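# A closer look at the structure
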Amino acid sequence: MNHLNKTIALLLALVFAMSFLLCSCAEKEEEPVSRDLFAMDTYMTVTAYGKHAEKAVDEAVRELNRLDALLSTGKEASEVAALNKNGGGDLSKDTNTLLKAALELYKSTGHVFDITIYPVMKLWGFTDQNYKVPAKEDLAEALQLVDAGALDYDADAKTVAFEKEGVAVDFGGIAKGYASSRVIEIFREQGVTSGIVNLGGNVQTLGQKPDGTDWRIGIQDPEDEDKMLGVVTNHDKAIITSGGYERNFEEDGVVYHHIIDPETGYPADSGLTSVTIVSEDGTLADGLSTSLFIMGKAKAVNYWQKHFKEFDMVLCCDDGTLVVTEGIREAFSPADEDATVEYIE
Amino acid sequence: MKKKDFLIAGAVLLLAGVLTLVLRLSGGDPGGAVQVKIDGKVVGTYALVEEQAVPFDTDYGHNLLVIRDGKAHMEEADCPDHYCMEQGEIEKTGETLVCLPHKLVVEVVSGESSDVDVVAK
Ligand SMILES: [Zn+2]
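Along each chain, numbering runs from 1 in the same order as the chain's sequence is written. As they are written, the chains are lettered A onward and the ligands numbered 1 onward, keeping that order. With pLDDT at 70 or above as the cut-off, local features in this predicted model cover only qualifying residues; side-chain atom pairs require 80 or more to be listed or tallied, and sums for whole chains, interfaces and linings still use all residues. The side-chain quantities take in all heavy atoms of the structure and omit both hydrogens and water.

## Concerning the overall build of chain A
For helices the rule is a DSSP run of H or I covering at least 4 residues; for strands it is a run of E covering at least 2, with both sets numbered from the N terminus onward. Across its full length, chain A carries nine helices and 17 strands. Along the first, second and third principal axes, the C-alpha atoms of chain A reach 100 × 50 × 40 Å. We call a residue buried when its accessible area falls under 20% of the maximum for its residue type, exposed when it is over 50%, and partly exposed in between, using a 1.4 Å probe and counting protein chains only. Classification of the 345 residues of chain A by burial places 50% in the buried group. Across chain A, the fraction of contacts at a sequence separation of at least 24, relative to all contacts at a separation of at least 6, is 57%. Think of it this way: Lys and Arg go in the positive column, Asp and Glu in the negative one, and His and the chain ends go nowhere. All charge positions are set by atom: Lys at NZ, Arg at CZ, Asp at CG, Glu at CD. Separation between the mean location of the 30 positive side-chain charges and that of the 59 negative ones in chain A comes to 6 Å. Contacts are residue-level and defined by heavy atoms, with any inter-residue pair within 4.5 Å sufficient.

Rendered as structure tokens:
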């Protein structure tokens with residue numbers, strides 16, 4: 001009897017000890033695999049979970065570096081630099097996809113999204129951080145070159161020709177969204193079912209978190225770098241925010257930001273301080289975040305009502321009002337409970 | 001004899017508990033700290049409880065990281081854009097300060113856990 005008691009007690013204790021150990025091992029298995037890198041003029045982090053994570057994130061980093069080398073306007077050896085230098089040329093698979101997406105956005109946004117804005121961005125110094133307010137004449141001249149509709153694009157032959165001397169394109173408005181989508185594709189191909197990509201604040205999620213809950217993505221408060229506007233819970237979505245706070249400079253007491261209206265050549269002044277797009281399509285989300293910022297609330301709401309199947313959005317107006325669309329009504333929670341939130345159906 | 005059995009069982013349980021605690025702590029939370037990477041290489045880890053000013057001078061340039069009241073911010077930088085100085089204070093796990101031109105990243109590696117996974121900005 002004594003002996004039996006002793007054995008039972010010891011066994012129980014062992015089971016306890018084992019379960020504790022197993023618990024901490026199980027936790028270890030859900031540790032994320034992350035890599036970070038500098039590419040596309042930003043700081044990037046890619047994170048995947050599960051047994052395929054290691055290979056998937058390595059593959060993702062390779063892809064991001066490849067796209068950086070291909071699309072960077074500043075790198076002479078890039079395909080985009082060559083297109084700009086030669087006034088067009090043959091398109092690779094990626095640039096062909098990007099150009100097609102860019103021209104669709106150009107059409108659907110009523111010419112607000114325009115990849116030929118590059119010469120104007122250059123004048124403002126947003127391409128090389130030599131910020132200055134351009135002279136009116138220079139700006140007018142550069143604006144003459146802005147017209148994505150004049151690009152002679154042959155989808156079958158996969159070529160593009162620029163009509164005028166001086167025309168230049170920049171995929172910067174959709175490149176990061178395209179890149180995050182490519183990373184998610186790679187994750188899928190590698191058998192990863194849970195992961196998250198952060199390309200300098202452009203976020204895209206794959207699946208849910210390993211614990212089976214949705215990702216919680218904060219949205220930056222454009223007025224205060226230490227605060228958030230709110231949180232969007234989601235899975236399998238790109239969440240991309242644009243605002244004048246991201247990149248700007250001050251001259252003679254006036255702040256000029258980097259989201260240039262192709263209509264005027266000046267920073268958009270539409271009454272919005274930030275636009276967040278939530279969509280399955282990273283490329284679309286990226287392009288729309290700046291386009292709808294330029295459009296302003298009324299046109300943005302109108303655009304959403306025509307394309308509500310493709311995306312949802314959170315607009316932050318300059319009076320602090322938040323505009324949230326139906327599809328993320330439940331998923332979005334404002335950080336400030338007293339915030340005025342307008343829901344759009 | 002019975003008493004001794006319980007003592008043994010108790011001792012084993014205690015050992016299991018201590019072992020678990022040690023394992024968790026070694027993989028877990030020694031209090032908030034920031035890790036600084038330059039060009040992808042970890043150059044240092046600094047406790048958030050300790051008030052300190054840490055300079056980083058490399059071929060890329062100069063940055064001064066200041067830790068105060070359990071938060072870290074970039075006090076000085078001679079980068080052209082100064083965006084690193086405009087990123088506010090960080091204190092929660094995963095939050096970062098990034099100086100792109102200097103390839104410098106400050107990340108909270110073990111601190112209070114954040115309410116969100118990532119912030120879109
Ligand atoms: Zn800096």
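Still to come is the rest of the account.
## Looking at the side chain of Gln204(A)
Residues and elements named next belong to chain A. One can find glutamine 204 in strand E7 (residues 202-206). Whenever a nitrogen or oxygen atom comes within 3.5 Å of another N or O atom, the pair is scored as a polar contact, on the condition that within protein one atom can donate a hydrogen and the other can accept it, and that pairs from neighbouring residues in sequence are kept only if both atoms are in side chains. Polar contacts involving the side chain of glutamine 204 include one to the side chain of serine 180, which spans 2.7 Å. A polar contact is formed between the side chain of glutamine 204 and the backbone nitrogen of serine 181, at a distance of 3.2 Å. Leave out the neighbours within four places in its chain, and glutamine 204 touches Gly177, Ser180, Ser181, Ile184, Gly195, Ile196, Val197, Lys237, Ala238, Glu280 and Gly282.

## Some words on the packing of aromatic side chains
Residues and elements named next belong to chain A. Working definition: rings of Phe, Tyr and Trp (its six-membered ring) pair if their centres are within 6.5 Å, and the pair is stacked with planes under 30 degrees apart, edge-to-face with planes over 60 apart, and tilted otherwise. Under the criterion given, the structure shown has 13 aromatic pairs over all chains. On the basis of an interplanar angle of 25 degrees and a centroid distance of 5.5 Å, the ring pair of phenylalanine 249 and tyrosine 256 is categorised as stacked. As far as burial versus exposure is concerned, phenylalanine 249 and tyrosine 256 are alike and both buried. Ring geometry for tyrosine 303 versus phenylalanine 311: centroids 5.9 Å apart, planes at 40 degrees, classification tilted. Comparing tyrosine 303 with phenylalanine 311 shows no difference in burial state: the two are buried. These aromatic residues form a ring-pair network of at least three members: Trp124, Phe126, Tyr131, Phe249, Tyr256 and Tyr266. Just above the ring of tyrosine 343 sits the side chain of arginine 329; from NZ or CZ to the centre is 4.1 Å. Geometrically, a lysine NZ or arginine CZ counts as sitting over a ring once it is within 6 Å of the ring centre and also within 35 degrees of the ring normal.

## Some remarks on helix H8 (residues 282-295) of chain A
Residue and element names in this part refer to chain A. For H8, spanning 14 residues, the distance from its first C-alpha to its last is 20 Å, which sits close to the expected 20 Å at 1.5 Å a residue. One axis is fitted to the seven residues ending at the residue and one to the seven starting there. The bend at that residue is the angle between these axes. At leucine 288, H8 shows its largest kink, close to 25 degrees. Taken across its 14 residues, H8 has 13 buried, putting it largely inside the fold. For H8, the capping residue at the N-terminal end is aspartate 281, with a side-chain oxygen 3.0 Å from the backbone nitrogen of threonine 283. In the segment just after H8, glycine 296 is the residue with positive phi, at about 90 degrees. Helices are assigned an expected span. That span is 1.5 Å times one less than the residue count.

## Some words on the nonpolar core
Residues and elements named next belong to chain A. Here the nonpolar core consists of buried residues drawn from Ala, Val, Leu, Ile, Met, Phe, Trp, Tyr and Cys, with membership extended through side-chain atoms lying within 4.5 Å. In terms of nonpolar packing, the biggest core is built from 73 residues, with Val46, Leu71, Leu99, Leu151, Phe187, Leu292 and Met313 touching the most fellow members. When residues of this core are assigned to their parent elements, the largest contribution, nine residues, is made by helix H2 (residues 53-71). Both domains that furnish three or more residues to this core are identified here as domain 1 (74-161) and domain 2 (214-345). Those residues in contact with leucine 151 that sit more than four places away from it in its chain are Leu99, Leu103, Ile115, Thr116, Val160, Ala161, Phe162, Val167 and Val169. The domain boundaries here were taken from an automatic or database domain assignment.

## Overview of the coordination of the zinc ion
Residues and elements named next belong to chain B. Ligation of the zinc ion by protein atoms is provided by Cys79 (SG), Cys84 (SG) and Cys99 (SG), these donors lying 2.2 to 2.3 Å from the ion. Between consecutive donors of the zinc ion, the numbers of intervening residues give the motif C-x4-C-x14-C. Placement of cysteine 84 in the loop between strand E5 (71-77) and strand E6 (96-99) and of cysteine 99 in strand E6 is noted, with a sequence separation of 15 residues between them. Accessibility expressed as a relative area gives 1% for cysteine 84, which makes it buried. The donor definition counts N, O and S atoms within 2.8 Å of each metal and applies 3.2 Å to Na, K and Ca; water is not among these atoms, so some sites may look incomplete.

## Some details on unusual backbone geometry
A positive phi is found at Met40(A), a non-glycine position, where the angle reads about 50 degrees. Residue placement: Met40(A) occurs in the loop between strand E1 (33-39) and strand E2 (42-48). Of note in this structure, Asp69(B) is not a glycine but carries a positive phi near 50 degrees. Among the secondary structure elements, Asp69(B) is positioned in the loop between strand E4 (62-68) and E5.

## Digging into the confidence of the model for chain B
Residue and element names in this part refer to chain B. Per-chain confidence: chain B averages 86 in pLDDT, with 76% of residues scoring 70 or above. Put simply, helix H1 (residues 2-27) is where chain B has its lowest mean pLDDT, 60, and E4 is where it has its highest, 98. Taken over the whole predicted complex, pTM reads 0.87, whereas the ipTM for its chain interfaces reads 0.88. Note on scores: pLDDT gives the predictor's confidence for each residue, bounded by 0 and 100.

## Topic: the domain arrangement of chain A
Residue and element names in this part refer to chain A. Split by domain assignment, chain A resolves into domain 1 (74-161) and domain 2 (214-345). A separation of 24 Å is found between the C-alpha centroids of domain 1 and domain 2. Listed per partner, the contact involves 20 residues of domain 1 and 24 residues of domain 2. Here domain 1 packs against domain 2, burying approximately 1800 Å² in sum over the two surfaces, 75% of which is carbon and sulfur. For the domain 1 face of the interface with domain 2, the top three residues by lost area are Val112, Trp124 and Phe126, together amounting to 31%. One speaks of a salt bridge when a side-chain nitrogen belonging to Lys or Arg is within 4 Å of a carboxyl oxygen belonging to Asp or Glu. Counting every contact that joins domain 1 to domain 2 gives zero salt bridges. Taken together, the elements giving at least two residues each to the side of domain 1 that touches domain 2 come down to helix H4 (93-108), helix H5 (118-124) and helix H6 (136-144). Polar here means any residue other than Ala, Val, Leu, Ile, Met, Phe, Trp, Tyr, Cys and Pro, which are nonpolar, and Asp, Glu, Lys and Arg, which are charged; Gly is therefore polar. Residues of the side of domain 1 that touches domain 2, tallied by class, amount to 14 nonpolar, three polar and three charged. In short, buried area is how much 1.4 Å probe accessible area vanishes from two parts on joining, totalled over both.

## Some remarks on the pattern of salt bridges
Residues and elements named next belong to chain A. For the coordinates displayed, the defined rule picks out 15 salt bridges over all chains. Here aspartate 68 makes a salt bridge to lysine 75, at a shortest N to O gap of 2.6 Å. On the basis of relative accessibility, which here comes to 10%, the residue aspartate 68 falls in the buried class. Here arginine 188 ties to aspartate 236 by a salt bridge, and the two come within 3.5 Å at their closest N and O atoms.

## Structural notes on a negative patch on the surface
Residues and elements named next belong to chain A. Two distance rules govern patches: like charges are joined within 9 Å, and nonpolar side chains (Val, Leu, Ile, Met, Phe, Trp, Tyr) within 5 Å, applied only to residues with over 30% relative accessible area and no salt bridge. Exposure was quantified through the Shrake-Rupley algorithm and a 1.4 Å probe, taking into account, for residues, occlusion by the shown protein chains and nothing else. On the surface, Asp152, Asp154, Asp156 and Glu163 cluster together into a negatively charged patch. With respect to the helices and strands, aspartate 152 occurs in strand E4 (residues 152-154). Judged by relative accessible area, which is 44%, aspartate 152 ranks as partly exposed.

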